[in-house]
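# Remarks on the overall topology
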Amino acid sequence: MKKFKKALALVLSVMMCVAFLAACGSTSSTGSTAAETTAPAADATADGYKETPTYTWQMPTTEHSGRPITNAMQRFADSVYEATKGDIVIEVCADGLLGDYTTNFEEIMLGTLAIQANTMSTDYDARLVMTRIPYICSSYEDMDNTKEGTWYYDQLNTVLNDLGAELISNWPSGFQGIGGTSVGDVTTLFDPTVKQDAICRVPSIISTLATAEAFGFQTVTIGFSDLYSALQTGMCDCFMGCTDIDTALNFGDVATTYVYANYILQTQPVVMNKEIFDSLPEDYQRIIKDCAEAEFDGICTELQEYSEQVIGELEAKGFTTYTPTEEELNGFVEYVHENVWPTIEELMGTEFYQGMLKAFNLEA
């Protein structure tokens with residue numbers, strides 16, 4: 001029994017010495033603490049990836065899973081993970097899982113969300129109407145004028161900075177047109193002097209409302225969540241504010257026609273809370289912006305391919321589409337520039353307005 005007690009005492013003594021030596025060894029000759037010297041190595045896997053990420057964010061969008069934007073979001077999240085060796089983990093939350101775009105942006109401003117990819121709401125700043133300027137773009141190629149380093153990017157980022165947000169990349173999500181059960185007479189739709197026998201739903205955005213009136217529509221403001229039932233009950237005949245993809249996937253079983261008016265190139269900018277973004281190491285800030293911008297051109301290609309697919313499926317079931325002639329469109333665009341754009345100048349000011357014209361090579 002005495003031998004057993006002696007052996008036990010010896011074991012305990014050895015264990016205490018090992019613990020003491022380990023504690024002493026946690027400080028280097030330069031005075032660094034254990035956390036400063038051993039944590040990075042202990043937190044990294046054999047291939048250099050972090051076992052426990054420093055940053056874990058949810059990235060919401062109202063876009064549905066499987067669409068070009070959500071596909072790009074996942075690629076973006078994967079690229080950021082790879083570039084930071086697992087130190088930033090981004091979980092894509094599609095289908096409005098975390099609320100609608102106004103709720104999401106409010107959380108971005110508050111800092112309860114770090115990042116999102118959503119349509120910008122003018123509810124928080126009227127200047128965000130700059131994301132809804134009709135016929136500022138006539139093709140996906142024109143979107144190059146909104147990339148990082150351009151006048152438009154800097155202007156939008158200035159507005160977002162004032163709201164506590166940082167613009168990462170101005171992703172496109174398709175051209176908006178007119179869908180519904182009736183759009184009036186398509187042969188006169190692009191003639192601003194003709195009034196259409198159709199009630200058009202418009203979002204509460206002044207530039208879209210002015211454009212709808214230029215088409216000759218009677219207008220009504222209806223929330224997006226109520227639009228489906230409004231079409232069913234006849235509260236409206238058609239709607240603006242949606243792309244062909246939105247129309248096909250959300251209203252394809254009630255709408256019967258779509259006009260490729262292409263009055264607004266809709267965007268869903270990737271935006272972060274500014275305080276969170278500014279707190280990141282500079283190399284992480286650059287990684288995030290570069291990874292987002294790298295998806296830009298691919299989104300444009302995917303949008304066109306996906307549009308052909310979903311609209312083609314509807315057309316096979318009797319759905320009709322109308323594309324204006326070049327003459328029709330050019331004449332209408334000229335009318336919008338002369339009669340709708342002044343509302344933008346009133347909201348944004350002459351300096352912004354003149355800068356916009358110059359940036360998009362649209363000076364008179």
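Up top is the structure.
As a starting point, this report considers the structure included with it. On a predicted model such as this, the values are computed, not experimentally measured, just so you know. (Residues numbered from 1 in each chain as written. Predicted model: local features only at pLDDT ≥ 70, side-chain atom pairs only at ≥ 80, totals over all residues. Heavy atoms only, no water.)

### So, the pattern of salt bridges
Evaluation of the coordinates by the stated rule reveals 14 salt bridges. Overlapping salt bridges bring together Glu166, Lys274, Asp278 and Lys289 as one network. (Salt bridge = Lys/Arg side-chain N within 4 Å of Asp/Glu carboxyl O.)

### Considerations on the packing of helix α4 (residues 68-83) against helix α11 (residues 282-293)
Two elements in contact, α4 and α11, have axes whose closest approach is 9 Å; the angle formed by their N-to-C orientations is 145 degrees. Classified by chirality, the crossing of α11 by α4 is right-handed. Seen from α4, the contacting residues are Phe76, Ser79, Val80 and Ala83; seen from α11, they are Ile287, Ile288, Cys291 and Ala292. Of the residues belonging to the contact of α4 with α11, the class tally is 7 nonpolar, 1 polar and no charged. (Axes fitted to C-alpha atoms, helices over the stretch in contact; angles between N-to-C directions. Helix = DSSP H or I, 4+ residues; strand = E, 2+ residues; numbered from the N terminus. Left-handed = near helix turned anticlockwise from the far one by under 90°. Contact = heavy atoms within 4.5 Å. Nonpolar A, V, L, I, M, F, W, Y, C, P; charged D, E, K, R; others polar.)

### Section: helix α7 (residues 206-214)
Within α7 the residues assigned to the buried category are Ser207, Thr208, Ala210, Thr211, Ala212 and Ala214. On its buried face, α7 is in contact with β6 (199-202), β7 (218-221), β8 (238-243), β9 (257-267), α13 (326-339) and α14 (341-348). Two residues or fewer after α7 comes Gly216, characterised by a positive phi angle close to 95 degrees. (Buried < 20%, exposed > 50% of the residue type's maximum accessible area, 1.4 Å probe, protein only.)

### Describing the side chain of Glu295
Within the secondary structure, Glu295 sits in the loop between α11 and α12 (296-315). Among all residues touching Glu295, those that are not within four sequence positions of it are Ala72, Arg75, Phe76 and Trp171.

### Considering unusual backbone geometry
One non-glycine residue, Asp95, lies in positive phi territory at about 65 degrees. Here Asp95 shows up in the loop between β2 (88-93) and α5 (101-110). One non-glycine residue, Tyr135, adopts positive backbone phi at about 55 degrees. Positionally, Tyr135 belongs in the loop between β3 (115-117) and α6 (151-162). Among the residues examined, Tyr135 registers a relative accessible area of 6% and is labelled buried.

### Re the sheet that holds β3
Taken in spatial order, the 3 strands make up an open sheet running β3-β10-β4, and their pairing is antiparallel. Two strands close off the open sheet at either side, each with one partner strand: β3 and β4 (165-169). The sheet shows a mean angle of 25 degrees between the axes of neighbouring strands, taken without regard to direction. Note: β4 against strand β10 (residues 270-273), 4 bridges, orientation antiparallel. Counted as the bridge partner of Leu167 is Val271 from β10. The strands touched by α11 within the sheet are β4 and β10, with β4 carrying the most contacts at an inclination of about 45 degrees. (Pairing = 2+ DSSP bridges.)

### Side note on α12
Its 20 residues place the ends of α12 29 Å apart at the C-alpha level, agreeing with the 28 Å of an ideal helix rising 1.5 Å per residue. Residues Phe296, Ile299, Cys300, Leu303, Tyr306, Ser307, Val310, Ile311 and Leu314 constitute the buried set of α12. Around the axis of α12, the buried residues are gathered within 140 degrees of arc, so they sit on the same side. (Expected span 1.5 Å × (residues − 1). Arc of directions from axis to C-beta.)

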